[in-house]
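Below are the chains, spelled out letter by letter.
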Amino acid sequence: MDFAGCSLTMLDASLLSAFVERWHPETSSFHHLFEEMKVTLDDVDALFHIPIDGTFFTPVYRDQATVVRMVMDALEVNEVDMLREFGETRGFHLRMSWLKTTYQELVDAERYQAAARAYMLHLMACTLFVDKSGVYIDVRYISLFSALDTPCWARGVAALTMLYMALDVASSPDTKQLAGYQILCWIYEHFPHICERKIQRVVATDPSHCTRRPFEVSTSYSGYARWESHVARHLPERCLRQYDYIQGIPCSVLEAPAGGIDR
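This report concerns the structure included in the present document.

If you check which residues of helix H4 (residues 79-89) are buried, you get Met82, Glu85, Phe86 and Thr89. For H4, the angular spread of buried residues about the axis comes to 100°, placing them on one side. Exposed side of H4, more than 90 degrees from the buried face: Val80 and Gly87 are the residues found there. Where H4 is buried, its residues contact helix H3 (64-75), strand E4 (93-95), helix H5 (96-108) and strand E5 (136-138). Of the residues flanking the start of H4, the one acting as N-cap is Asn78, its side-chain oxygen 3.2 Å from the backbone nitrogen of Val80. Immediately downstream of H4, the backbone of Arg90 shows phi near 60°, a positive value.

To continue, consider the pattern of salt bridges. Following the criterion strictly, the structure yields five salt bridges and no others. Put simply, Asp73 and Arg69 hold a salt bridge, and the shortest N to O gap is 3.6 Å. With Asp73 and Arg69 both in helix H3 and four residues apart, this pair spans about one turn of that helix. By relative accessible area, which is 46% here, Arg69 ends up partly exposed. As a salt-bridge pair, Glu76 and Arg111 come within 3.8 Å of each other at their nearest N and O atoms. With a gap of 35 residues between them, Glu76 in the loop between H3 and H4 and Arg111 in the loop between H5 and helix H6 (112-126) connect regions that are remote in the sequence. Here Glu76 falls in the partly exposed class, since its relative accessible area comes to 33%.

The next subject is unusual backbone geometry. Non-glycine residue Glu76 carries a positive phi angle of around 55°. One non-glycine residue, Glu110, adopts positive backbone phi at about 60°. Along the chain, Glu110 falls in the loop between H5 and H6.

A rise of 1.5 Å per residue sets the reference length of H6, with its 15 residues, at 21 Å; its end C-alpha atoms lie 21 Å apart and thus fit the reference within 8%. Of the residues making up H6, those classed as buried are Ala114, Ala115, Arg117, Ala118, Leu121, His122, Leu123, Met124 and Ala125. The secondary structure elements touched by the buried residues of H6 are H3, E4, H5 and E5.

On to the sheet that holds strand E2 (residues 29-31). As summarised here, the arrangement of the three strands in space is E1-E2-E3, forming an open sheet in which the pairing is antiparallel. Edge strands, defined here as strands with exactly one partner in the open sheet, are strand E1 (23-24) and strand E3 (36-37). Two strands pair when backbone bridges link them, and E2 and E3 are joined in this way by two bridges, in the antiparallel orientation. Looking at E3, one finds that His31 is bridged to Glu36.

Analysis parameters
- Residues numbered from 1 in each chain as written.
- Predicted model: local features only at pLDDT ≥ 70, side-chain atom pairs only at ≥ 80, totals over all residues.
- Heavy atoms only, no water.
- Buried < 20%, exposed > 50% of the residue type's maximum accessible area, 1.4 Å probe, protein only.
- Helix = DSSP H or I, 4+ residues; strand = E, 2+ residues; numbered from the N terminus.
- Arc of directions from axis to C-beta.
- Contact = heavy atoms within 4.5 Å.
- Polar contact = N/O pair within 3.5 Å; in protein donor to acceptor, adjacent residues only side chain to side chain.
- Salt bridge = Lys/Arg side-chain N within 4 Å of Asp/Glu carboxyl O.
- Expected span 1.5 Å × (residues − 1).
- Pairing = 2+ DSSP bridges.

Structure (structure tokens):
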């Protein structure tokens, strides 16, 4: 089963609010009355089938000329169209409608490598890297798909860090919206009886879906995940009950390092 099949047909705002209220940014986890739980790298790999191995995502652009060249090389579009699109969005963003049109033009021209990048960028913009605008995608994500044959970026780590950031923002009292839907997929997977499951049937019947790694492997990495300059804590040892193990008293949470996190 591919990632495109992991879609939902409904959103439960009350359920999301109940979990956001229990989110603690200092540990990047949900503090329930019965246990502490978190979305882990193993969840990202098992639920969404996105690679979690590789280098932390670091955009390479610095100015408009570099950004224009990067998009031109990745999507095989001309400079005039790119400058016009940046003028429409007033920044280094692409519209979803523009991406869909560009994808169709690339397919018609049989430029399938560029079409694949446009498709993946649109797919990620609608799911893992969605923002509250709902109509734009930042061009920095193109770097994630620049080398389709030899992927080097840990896309799953980038998605998980962005989800942590979205939950951090959503847990603030003055926030009214939550970006992204991945957390609802995680809730449905770990709490299948508290709400009606609305995931597509192919997800539930495909034997390759939600194949878990051994406990020793899935909890082997404890530290920090990074997306650009944003750092989030990934501490699976605080959630051993989530793996059906006895939970001891976890260590105190240290401050995130200021820099030097590359892998």
